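Examination of the molecular architecture
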Amino acid sequence: MDFTVNLNSLGFECGLSEYEKEFIFLRARATGLTVCGCVHAAFLCKLAYSLSIGLPRQIEDIDMVLLPSNVSKKGKGLTVGVLGGGHIGKQLVQVLLEKNGLKPSQINISSRRPETLEEFVKRGIMCYFDNQRLVAWADVLFLCCLPSHLPKVCAELQSHIPKHCLVYSFLSAVPLNRLAQLLGHSFILKPQYEFVACDSVNMWLSRGHVTVALKDPKVIDASCPLAMRGGLCLDPKWLFGLLYSLLNMCTAANVGSTEALGLINELFQLKGPGTVAFILNNFVNSSYASSLTPDESFPWINLVDVQAKETPLSCFISRNNSMQGCLSALYNSVMVDPLKGKKETGKPKDGTLSVITPSHCKKSDFV
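Bear in mind the structure is a predicted one, so any value in this text is a computation, not a measurement.

A few words on the overall build of the chain. The helix and strand tally for the chain stands at 16 helices and eight strands. When each of the 367 residues of the chain is scored for burial, the buried share is 51%. Nonlocal contacts in the chain, meaning residues at least 24 apart in sequence, comprise 74% of its contacts between residues at least 6 apart. Accessible area for the chain stands at about 17600 Å²; split by element, carbon and sulfur atoms hold 54% of it.

What follows is the structure in structure tokens.
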């Protein structure tokens, strides 16, 4: 219970000058970034976890050979590492537990002060201070450390990150190319958010804690990657990188191209009348697609390039409103609280789903 409700003298704005009150909107922006950052990371984990169930266990077998002797990886399924136990790291873990259905045994946290994470230890999450151990164990690694700590963290991790480990960066101040250089790793996904003029930015402040906010279908709808509201927008290259990361997971498991497409189409519910399914040419150029046999895996895709250049996938989705609609509908249905009605989510009020413009999309030589 919040005992400060209706007690103005204890409110955040109390004591601020008129000049200082002009900057209160920054608080709403910061909260919006936290909420959207956590829910988008949870969406990625939800898809990766669902995909991992249908993949063969080659990745796990490789892990068991390469893992250091002090690291065990018991059980099957996606393993998620969170590097950093501060404000963002803690809220992310709470969201992963409540929105993804991940078991505590599937999450590990590495923090300089693991003794402050007792609440997670009691729930069965392994908490320690050993970044190399964490990255050797995790299929998905979330970087939630401070930018000032990044050079030391990257020096520890460089040459220890398995190729199939997806690194997800919460460090908005560090460019993607710089991060890839520091880590010596290209399987990295980094969301890029921008602020836009909006009268509804305070919507992020009215829901309290992140896990509480994400139980509201209106918040989930406002955070939809292709149609964000509340004064924030997300570079669509994040979504393209997400799709290519799922493809790389199939490649790491030695899954053939035809089976990989089937798994991804099934994951995104792209089957049946009225839906548009992904095909080979949506991920690689025509000449490469024509030489790819059904049993041959897709090539390993450099995610840094995907988030910097035009690709066949970015051009396809940018031009296809139907596919955008399917992706947005899936996001809402997957992330909305199951106890809430799905009818509360869906298209934005203006009836459109697309915020992507196919500017200069041309035949790509990608891959």
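Having seen the model, we can carry on.
Our next topic: the packing of helix H11 (residues 237–252) against helix H12 (residues 257–267). For any two helices packed against each other, one specifies the inter-axial angle together with the distance between the axes. Here H11 crosses H12 at 135 degrees, and the two axes come no closer than 10 Å. As judged from the angle between their axes, H11 and H12 are oblique. You can see that H11 and H12 cross each other, and the crossing is right-handed. Side by side, H11 and H12 meet where Leu246, Leu247 and Cys250 of the first sit next to Ala260, Leu263, Ile264 and Leu267 of the second. A per-class count over the contact of H11 with H12 returns seven nonpolar, no polar and no charged.

Looking only at helix H7 (residues 150–157), the buried set comprises Leu150, Val153, Cys154 and Leu157. Projection of H7 onto a plane perpendicular to its axis shows the buried side chains occupying an angular sector of 95 degrees, all on one side. Turned more than 90 degrees away from the buried face of H7 sit Lys152 and Ala155, all of them exposed. Buried residues in H7 make contact with strand E1 (80–83), helix H6 (131–137), strand E4 (140–143) and helix H8 (176–183). Phi turns positive, to about 75 degrees, at Ser159, one or two residues after H7.

A few words on the nonpolar core. Counting residues in each nonpolar core, the largest one holds 88 residues, and the members touching the most others are Phe142, Phe268 and Phe278. Excluding residues that lie within four positions of it along the chain, Phe268 makes contacts with Leu47, Leu242, Leu243, Leu246, Leu327 and Leu330. In this structure, Leu141, Cys145, Leu171 and Val304 belong to the second largest nonpolar core, which totals 23 residues.

The subject of this paragraph is the side chain of Asn248. Take Asn248: it is sitting in helix H11. Each residue touching Asn248, except ones within four places of it in the same chain, is listed here: Phe187, Pro299, Trp300, Ile301 and Leu303.

This paragraph deals with the packing of aromatic side chains. Throughout the structure, instances matching the rule amount to 10 aromatic pairs. Seen from their ring centres, Phe283 and Phe298 are 6.0 Å apart, and the 65 degrees between their planes marks the pair as edge-to-face. Taken as a pair, Phe283 in the loop between H12 and helix H13 (286–291) and Phe298 in the loop between H13 and helix H14 (303–306) lie far apart in primary sequence, 15 residues in all. You'll find Phe283 and Phe298 in the same group, each marked buried. Taken together, the ring pairs in this structure connect Tyr244, Phe268, Phe278, Phe283, Phe298 and Phe316 into an aromatic cluster. The ring centre of Tyr128 lies 3.9 Å from the NZ or CZ of Arg133, which sits over that ring.

Below, the discussion takes up the sheet that holds strand E2 (residues 107–110). Read across the open sheet, the six strands follow the order E3-E2-E1-E4-E5-E6; overall the sheet is parallel. Edge positions in the sheet fall to strand E3 (126–128) and strand E6 (188–189), since each has one partner strand and no second. As paired elements, E2 and E3 share three bridges and run parallel to each other. What sits directly across from Ser110, in E3, is Tyr128.

Attention now goes to the packing of H7 against H8. Viewed as axis vectors pointing N to C, H7 and H8 meet at an angle of 45 degrees, and their least axial separation amounts to 8 Å. Considered as vectors, H7 and H8 are oriented oblique to each other. Residues Leu150, Cys154 and Leu157 of H7 form the contact with H8, whose participating residues are Leu179, Leu182 and Leu183.

Quick notes on the rules
Residues numbered from 1 in each chain as written. Predicted model: local features only at pLDDT ≥ 70, side-chain atom pairs only at ≥ 80, totals over all residues. Heavy atoms only, no water. Helix = DSSP H or I, 4+ residues; strand = E, 2+ residues; numbered from the N terminus. Buried < 20%, exposed > 50% of the residue type's maximum accessible area, 1.4 Å probe, protein only. Contact = heavy atoms within 4.5 Å. Areas by Shrake-Rupley, 256 points an atom, 1.4 Å probe, with all protein chains shown as cover. Axes fitted to C-alpha atoms, helices over the stretch in contact; angles between N-to-C directions. Parallel < 35°, antiparallel > 145°, perpendicular 65-115°, else oblique. Left-handed = near helix turned anticlockwise from the far one by under 90°. Nonpolar A, V, L, I, M, F, W, Y, C, P; charged D, E, K, R; others polar. Arc of directions from axis to C-beta. Core = buried A, V, L, I, M, F, W, Y, C linked by side-chain atoms within 4.5 Å. Phe/Tyr/Trp six-rings, centres within 6.5 Å; stacked < 30°, edge-to-face > 60°. Lys NZ or Arg CZ within 6 Å of the ring centre and 35° of its normal. Pairing = 2+ DSSP bridges.

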